[in-house]
Amino acid sequence: MADINGNYIQEINAPEGMRYAVVFSYAEGGKVRFIDPDTCAKIGAIMAQMHNVNEHTAIKRINYNDTTLLELPYRYAQQFFSDDLPEMQFVKTLSNDITGAFANTDANAIKTGIVHLDIWYDNMSITENSEVTIFDFDFCGNGPFILDVAYFCKQLFHIETNKEEYELKKDAFLAGYQSIRKLTKQEIDLIPLAGAAVYIFYLGVQCRRFDWSNIFLTENYLKMYVGRIKNWVEYNDQ
């Protein structure tokens, strides 16, 4: 919806810097934390449709690569946490593993374009008929599509404590995605590390948005946050 001056994009001078917002008339449904398999499949299909439209295109926003996903977030974290902490050492080692895995994968097998990078239940409305509206494009940028796929899988992993349910819903999501566009074997193999990469990126986001009210930047929080990454990596290494 346009404002009284006909502008669709609003600028908000937030504490962390300039933010942008748009207003929609209405998105039916609500936030659903525990999504059923059929809806997971629909979300996968919608994501794939977005990727089909956005392949081989770019926008004037962040480029997601080793530097922005891994190197810079670690530097931001160094401002608050010692390199000697086991959690920081884990992040650094894992970052090197992620960089190596992507470097050793045929670039032609990793499709790129415009990614959302924050598709999970908190950023969508779902109706009783499983109609899905995705919003919150704050982190939209350019990068490998597998980042979106992996991030949804990783969020689902942490929401579903019953891993049989997780596997069922993850498989439904991936099947829905691949009903629209196929993932290469190399992309599927990168899902565990790609998901970890996005979580390292978000650690950096939390560090950059630090102010007196930020509850994130404590050693206890770092242990919890990195522990979630470890659980994800170890689960996929089984």
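Each remark here, short or long, concerns the structure printed above.
As the structure is a computational prediction, the values presented were derived from the model and not from experiment.

Moving on: the overall build of the protein. Along its length, the protein carries 7 helices and 6 strands. Helices and strands in the protein line up, N terminus first, as β-β-α-α-α-β-β-β-β-α-α-α-α. Here the C-alpha radius of gyration of the protein, 18 Å, is about what a compact globule of 238 residues would show, namely 18 Å. Structurally, the protein occupies a C-alpha span of about 50 × 45 × 35 Å along its principal axes. Put simply, of all contacts in the protein between residues at least 6 apart along the chain, 77% involve residues at least 24 apart. On the protein, roughly 12800 Å² of surface is accessible, and the fraction owed to carbon and sulfur atoms is 51%. Each charge sign in the protein was given a centre, from 21 positive and 32 negative side chains, and these centres are 2 Å apart.

This part covers empty space enclosed by the protein. Taken as a whole and assessed by the stated rule, the structure comprises 1 cavity of 30 Å³ or more. The volume enclosed by the largest cavity comes to roughly 50 Å³. Taken together, Arg33, Ile35, Trp120, Tyr121, Phe152, Gln155, Leu156 and Ile159 make up the full set of residues lining the largest cavity.

Examined against the element boundaries, Gln155 turns out to sit in helix α4 (residues 146-159). A relative accessible area of 7% places Gln155 in the buried class. Here the side chain of Gln155 touches Tyr151 through a polar contact of 2.7 Å, side chain to side chain. Setting aside anything within four residues of it in sequence, one finds Gln155 in contact with Trp120 and Tyr199.

We note that His56 has phi near 60°; this positive angle belongs to a residue other than glycine. Here His56 is to be found in the loop between α1 (37-54) and α2 (66-78). Residue classification places His56 among the exposed positions, given a relative accessible area of 71%. Even without glycine at this site, Ser130 takes up a positive phi of about 65°. Relative to the elements of secondary structure, Ser130 occurs in the loop between β4 (124-126) and β5 (132-134).

What counts and how
- Residues numbered from 1 in each chain as written.
- Predicted model: local features only at pLDDT ≥ 70, side-chain atom pairs only at ≥ 80, totals over all residues.
- Heavy atoms only, no water.
- Helix = DSSP H or I, 4+ residues; strand = E, 2+ residues; numbered from the N terminus.
- Rg over C-alpha atoms; globule rule 2.2 N^0.38 Å.
- Contact = heavy atoms within 4.5 Å.
- Areas by Shrake-Rupley, 256 points an atom, 1.4 Å probe, with all protein chains shown as cover.
- Lys, Arg positive; Asp, Glu negative; His and termini not counted.
- Charge placed at Lys NZ, Arg CZ, Asp CG, Glu CD.
- 1 Å grid on protein atoms, 1.4 Å probe; cavity = no way out; pocket = protein on both sides within 12 Å on 5 of 7 lines; lining within 4 Å.
- Points joined across faces, edges and corners; volume = space filled by probe spheres on them.
- Buried < 20%, exposed > 50% of the residue type's maximum accessible area, 1.4 Å probe, protein only.
- Polar contact = N/O pair within 3.5 Å; in protein donor to acceptor, adjacent residues only side chain to side chain.

Remember that the coordinates give geometry; whether it matters functionally is a separate question.
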